[in-house]
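Notes for the structure review
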Amino acid sequence: RAKREGRGRVRCFESEMDQELRDRRLLQHDLRQALEQNQLLVYFQPQARVDGEVIGFEALLRWNHPVRGFVPPDQFIPLAEENGLIVQIGEWILREACREAASWPRPLQVAVNLSPVQFQAGDLERSIHQILLETGLAPTRLEVEITEGVLIGDFTRALNLLRRLKALGIRIAMDDFGTGYSSLSYLQSFPFDKIKIDHSFISNLEATPQSAEIVRAVLGLAHALNIPVIAEGVETEAQRTFLAREACEEMQGYLVGRPDLIERYLDLVGVTVERRLYA
Ligand code: C2E
Ligand code: MG
Ligand code: MG
Ligand code: MG
């Protein structure tokens, strides 16, 4: 009897996996049309100095699925990476973000996330160069965020590409710092322009004393290497005060502002509503 029950359970588990797989395929199929049918949006989240002065925005992808509504990037980006669609999508958000930033009266910076797949496939340097020319955005206003996934795999190729991007004048930020396996070793292989401390350390600041020590240690290390730090996921004034006391340069999180359509932040970029409406 136990055996039969066990088998039943296995079958049930299998069909659940089938269903999950089918669902992924469906989403992947829909994703191919998402670009053409204007279902992808760019949200912008402000980045500020710890004193509150906004210095730029991070562009974040959103997918407004016609039936499912908003699908989180953590769910659809892996799918786009799997079938290579991320190359096209990545170029699209880069172009949108650069075009948007180029239209701001204030010369704020714009940060865009790059997928490891974009480093492996296609000609990333060429397409970024092209987009900068096309939009007229000064390269010094563009920052690209990479995770250690970019440096896993073809390390030499990724490193060369990063060097060439940097030579264009673009800044390179290391995203989600502290969550990977060898963040530290990557600091000695490439001169990153910024370190983004992962939000998990910030959200645990009050609850676990270890997090405070880790944040202090990362700041000490980064400053010894002359690399400015931005803290991700800053939600409370207490977190901001801690970061300011520890000489963290910048912050990003709900305390400053949530990711949203740029329309919500027009005052920050220096656009008046009239100018936007009648432009
Ligand atoms: P990320 O680059 O580390 O982006 C930060 C994430 O933290 C964003 O999630 C943002 O909405 C969220 N966040 C910001 N402030 C707070 C806060 O105060 N509290 C909390 N709890 N969360 C906060 P999002 O937009 O869901 O994006 C998730 C991840 O998806 C990003 O992590 C990035 O790895 C990836 N992603 C988003 N857009 C793109 C893109 O255009 N290209 C690529 N390759 N990846 C992207
Ligand atoms: Mg990021
Ligand atoms: Mg991050
Ligand atoms: Mg992340």
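A quick note: this is a predicted structure, and the numbers were derived from the prediction, not measured.

Each helix and strand in the chain was counted, giving 12 helices and nine strands. Against the compact-globule benchmark of 19 Å for 279 residues, the chain has a radius of gyration of 21 Å, which places it among compact chains. Across its three principal directions, the C-alpha atoms of the chain cover 70 × 50 × 40 Å. Looking at the chain residue by residue over its 279 residues, the buried ones come to 43%. In the chain, once contacts between residues fewer than 6 apart in sequence are set aside, the share between residues at least 24 apart is 68%. Carbon and sulfur atoms provide 52% of the accessible area of the chain, an area that totals close to 14,700 Å². For the chain, the centre of its 32 positive side-chain charges and the centre of its 40 negative side-chain charges are spaced 5 Å apart.

For the rest of this paragraph, the subject is the coordination of the magnesium ion (ligand 2). Taken together, Glu 58 (OE), Asn 113 (OD1), Glu 145 (OE) and Asp 175 (OD) make up the protein donors of the magnesium ion (ligand 2), found 2.0 to 2.3 Å from the metal. Every donor residue of the magnesium ion (ligand 2) comes from the same chain, spaced as E-x54-N-x31-E-x29-D. Between the magnesium ion (ligand 2) and the magnesium ion (ligand 3), a separation of 4.3 Å is found, and both are coordinated by Asp 175. Taken together, the residues Asn 113 in strand S4 (residues 109–113) and Asp 175 in strand S6 (residues 171–177) connect sequence positions 62 residues apart.

Here we take up the pattern of salt bridges. Following the criterion strictly, the structure yields 18 salt bridges and no others. Arg 49 serves as the salt-bridge partner of Asp 51, at 2.7 Å between the closest nitrogen and oxygen. When its relative accessible area of 38% is taken as the criterion, Arg 49 is described as partly exposed. As a salt-bridge pair, Lys 196 and Glu 232 come within 3.9 Å of each other at their nearest N and O atoms. One end of the pair, Lys 196, is in strand S7 (residues 194–197); the other, Glu 232, is in the loop between strand S8 (229–231) and helix H10 (237–245), with 36 residues separating them in the sequence. Of the two residues, Lys 196 and Glu 232, both sit in the buried class. A network of salt bridges, in which partner residues are shared, links Glu 58, Glu 145, Lys 196 and Glu 232.

Turning next to helix H3 (residues 85–102). Given 3.6 residues to a turn, an α-helix orients residues that are three or four positions apart in the same direction. Spanning 18 residues, H3 covers 26 Å between terminal C-alpha atoms, matching the ideal 26 Å at 1.5 Å per step. When we look at burial in H3, the residues that qualify are Leu 85, Ile 86, Ile 89, Gly 90, Ile 93, Leu 94, Ala 97, Cys 98, Glu 100 and Ala 101.

Within this structure, the stated rule accounts for eight aromatic pairs. Summarising the aromatic geometry, the rings of Phe 44 and Trp 104 are spaced 6.1 Å apart at their centres and angled 75° between planes, so their arrangement reads as edge-to-face. On the criterion of sequence distance, the pair formed by Phe 44 in strand S1 (residues 40–49) and Trp 104 in the loop between H3 and S4 is long-range, its members being 60 residues apart. Accessibility classification places Phe 44 together with Trp 104 in one group, the buried group. Plain terms: the ring middles of Phe 57 and Tyr 265 are 5.5 Å apart, the flat faces sit at 50° to each other, and that makes the pair tilted. Here Phe 57, found in strand S2 (residues 54–65), pairs with Tyr 265, found in the loop between strand S9 (250–252) and helix H11 (266–269); they are 208 residues apart in sequence, far enough to count as distant. Summarising the burial analysis for this pair, Phe 57 and Tyr 265 share the class buried.

This part takes up the coordination of the magnesium ion (ligand 3). For the magnesium ion (ligand 3), the full set of protein donor atoms is Asp 175 (OD), Asp 176 (OD), Glu 232 (OE) and Glu 232 (OE), at a range of 2.0 to 2.4 Å. Mapped onto the sequence, the donors of the magnesium ion (ligand 3) take the spacing D-D-x55-E.

In the vicinity of ligand 1 lie 22 residues, with Gln 45, Arg 62, Asp 175, Glu 235 and Tyr 254 positioned nearest. Note that a nitrogen atom of ligand 1 is positioned 3.1 Å from one of the backbone N or O atoms of Leu 61. One of the backbone nitrogen or oxygen atoms of Tyr 254 is found 2.8 Å away from an oxygen atom of ligand 1. When ligand 1 is considered free in solution it has 790 Å² of accessible area, and contact with the protein chains removes 82% of it. Breaking the shell around ligand 1 down by element, the ones donating at least two residues are S2, helix H2 (73–82) and S6. Top element by residues in the shell around ligand 1 is S2. It accounts for four residues.

With that settled, consider unusual backbone geometry. Even without glycine at this site, Asn 38 takes up a positive phi of about 55°. On the secondary structure map, Asn 38 appears in the loop between helix H1 (2–34) and S1. One non-glycine residue, Asn 226, lies in positive phi territory at about 65°. Turning to its location among the elements, Asn 226 is positioned in the loop between helix H9 (209–224) and S8.

One way to put it is that H2 packs onto H3 with a least axis distance of 6 Å and a crossing angle of 120°. Between H2 and H3, the angle is such that the two are oblique. Listed contacts from H3 to Ile 77, Ala 80 and Glu 81 of H2 are Leu 85, Ile 86 and Ile 89. When the residues that make up the contact of H2 with H3 are grouped by side-chain class, the tally is five nonpolar, no polar and one charged.

About the thresholds
Residues numbered from 1 in each chain as written. Chains lettered and ligands numbered in written order. Predicted model: local features only at pLDDT ≥ 70, side-chain atom pairs only at ≥ 80, totals over all residues. Heavy atoms only, no water. Helix = DSSP H or I, 4+ residues; strand = E, 2+ residues; numbered from the N terminus. Rg over C-alpha atoms; globule rule 2.2 N^0.38 Å. Buried < 20%, exposed > 50% of the residue type's maximum accessible area, 1.4 Å probe, protein only. Contact = heavy atoms within 4.5 Å. Areas by Shrake-Rupley, 256 points an atom, 1.4 Å probe, with all protein chains shown as cover. Lys, Arg positive; Asp, Glu negative; His and termini not counted. Charge placed at Lys NZ, Arg CZ, Asp CG, Glu CD. Donors = N, O, S within 2.8 Å, 3.2 Å for Na, K, Ca; no water. Salt bridge = Lys/Arg side-chain N within 4 Å of Asp/Glu carboxyl O. Expected span 1.5 Å × (residues − 1). Phe/Tyr/Trp six-rings, centres within 6.5 Å; stacked < 30°, edge-to-face > 60°. Near = heavy atom within 4 Å. Polar contact = N/O pair within 3.5 Å; in protein donor to acceptor, adjacent residues only side chain to side chain. Axes fitted to C-alpha atoms, helices over the stretch in contact; angles between N-to-C directions. Parallel < 35°, antiparallel > 145°, perpendicular 65-115°, else oblique. Nonpolar A, V, L, I, M, F, W, Y, C, P; charged D, E, K, R; others polar.

As far as function goes, none of this settles anything; it's purely spatial.
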